[in-house]
Amino acid sequence: MDAFLKTPNWYTLFSKYTFPTYFVKLSPEAVALLASKPALEANREGSAIAAGVIADLRKPLAKIPGNAFVSVDCCAPTDTERFAGKRGAVFSARSAWKYLTRSAKVRAAAAAGEVEYICLRPFRRISLPREFRLFIRNGELAAMSQYNLVRHYYRLDGLRRKYWKMADKFVTRISGRLAVSTLVMDIYITSGDEILVIDLNPWGAPTDPLLLKSWDRDWSTPAGLVLMDPPVKISGDVNVSF
């Protein structure tokens, strides 16, 4: 992963366009502990090194009202039970460290040498239809996809052109700040039509192209905002046999 795509690096340039975020620097020993195998779970959560990280996490957490969302430089623990049940919301420093250590994604990133910081921001209950993935190619918006592929949202049909124009204007405004001109950006559009950056991802696999289906496609013509198709309605007499 290009260093610019890590949250502590792009945050300094886009702080006005994203959630307020705090960063806790990890020691090499803490990174090694974070990368340790699941069999070492007791050590990851109960060692003196872990206690030190937990103490460091308490300081920024005290500045965040309510729950927090915790990640590392390059990924979030989206593969954990906490994320599945509570969208990743944590309240205590101990819980923050606990669920980072239980994420295979975070563990793999730490083992690969891609983790230096723990990132903390206020937890925000995101409205699923307002989250999108932008595909930026050579500094220009090439495509935009619905992010949460759980169903078709009828409300987005009437907002398709508006949201595309907003995203295109946003990319044009911030493209000069991009150290990487071809990348994928996840955004959230607030109820006040403000665009907030959630994350930056590398172009191509393993980043999911979502509704763009494949990275092997013609990107030269803008694809617009791609949404899930509405459910198919079947009318008339339908005979079903087994």
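What you see is a predicted model, and the numbers here were worked out from it, not measured in a lab.

### Re the overall build of the protein chain
Next, step 1: In terms of regular secondary structure, the protein chain is built from eight helices and nine strands.
Next, step 2: Each principal axis of the C-alpha distribution contributes one length, and for the protein chain these read about 65 × 55 × 35 Å.
Next, step 3: The burial tally for the protein chain puts 48% of its 242 residues in the buried class.
Next, step 4: Considering only contacts in the protein chain between residues 6 or more positions apart, those separated by 24 or more positions represent 70%.

### A closer look at the sheet that holds strand 8 (residues 195–202)
Next, step 1: Strand order in this open sheet of five strands is 8-7-5-6-9, and the pairing throughout is mixed. Of all the strands in the sheet, the pair left with one neighbour each is strand 8 and strand 9 (225–226).
Next, step 2: As judged from the seven bridges shared by strand 7 (residues 183–189) and strand 8, these two strands associate in the antiparallel manner. Pairing of Val-184 across the sheet is with Asn-201, part of strand 8.
Next, step 3: Running over the sheet, helix 8 (residues 160–174) touches strand 5 (131–137), strand 6 (140–146), strand 7, strand 8 and strand 9 and is turned about 140 degrees from strand 6.

### Focus: the pattern of salt bridges
Next, step 1: Throughout the structure, instances matching the rule amount to three salt bridges.
Next, step 2: Residue Arg-133 is joined to Asp-186 by a salt bridge in which the shortest nitrogen-to-oxygen separation is 2.7 Å. Remark: Asp-186 occurs in strand 7 and Arg-133 occurs in strand 5; sequence separation between them is 53 residues. For the pair Arg-133 and Asp-186, one class covers both residues: buried.
Next, step 3: The partner of Asp-193 in a salt bridge is Lys-162, with the nearest N and O atoms 2.8 Å apart.

### Thoughts on the environment of Leu-5
Next, step 1: Relative to the helices and strands, Leu-5 is located in the segment before helix 1 (7–14).
Next, step 2: A residue is classified by how much of its surface remains accessible, and Leu-5, at 3% relative accessible area, is buried.
Next, step 3: Dropping the residues within four chain positions of it, Leu-5 is found in contact with Trp-10, Leu-183, Leu-200, Asn-201 and Pro-202.

### Observations regarding the state of the cysteines
Next, step 1: Counted by the stated rule, this structure contains zero disulfides.
Next, step 2: There is no disulfide at Cys-75, and the cysteine sulfur nearest it, in Cys-74, is 4.3 Å away.
Next, step 3: Classification of Cys-75 by relative accessible area gives buried; the value is 14%.
Next, step 4: With no disulfide of its own, Cys-119 lies closest to Cys-74 among cysteine sulfurs, the gap being 8.8 Å.

### Focus on the nonpolar core
Next, step 1: In this structure, Leu-134, Met-144 and Met-185 are the most contacted members of the largest nonpolar core, which totals 30 residues.
Next, step 2: Sorting the residues of this core by element identifies helix 1, strand 5, strand 6, helix 8, strand 7 and strand 8 as the ones contributing at least two each.
Next, step 3: For this core, the leading source of residues is helix 8, giving seven residues.
Next, step 4: Listed in part, the 28 residues of the second largest apolar core include Leu-57, Ile-64, Val-72 and Ala-110.

Here is what the cut-offs are and how they apply
Residues numbered from 1 in each chain as written. Predicted model: local features only at pLDDT ≥ 70, side-chain atom pairs only at ≥ 80, totals over all residues. Heavy atoms only, no water. Helix = DSSP H or I, 4+ residues; strand = E, 2+ residues; numbered from the N terminus. Buried < 20%, exposed > 50% of the residue type's maximum accessible area, 1.4 Å probe, protein only. Contact = heavy atoms within 4.5 Å. Pairing = 2+ DSSP bridges. Axes fitted to C-alpha atoms, helices over the stretch in contact; angles between N-to-C directions. Salt bridge = Lys/Arg side-chain N within 4 Å of Asp/Glu carboxyl O. Disulfide = S-S within 2.5 Å. Core = buried A, V, L, I, M, F, W, Y, C linked by side-chain atoms within 4.5 Å.

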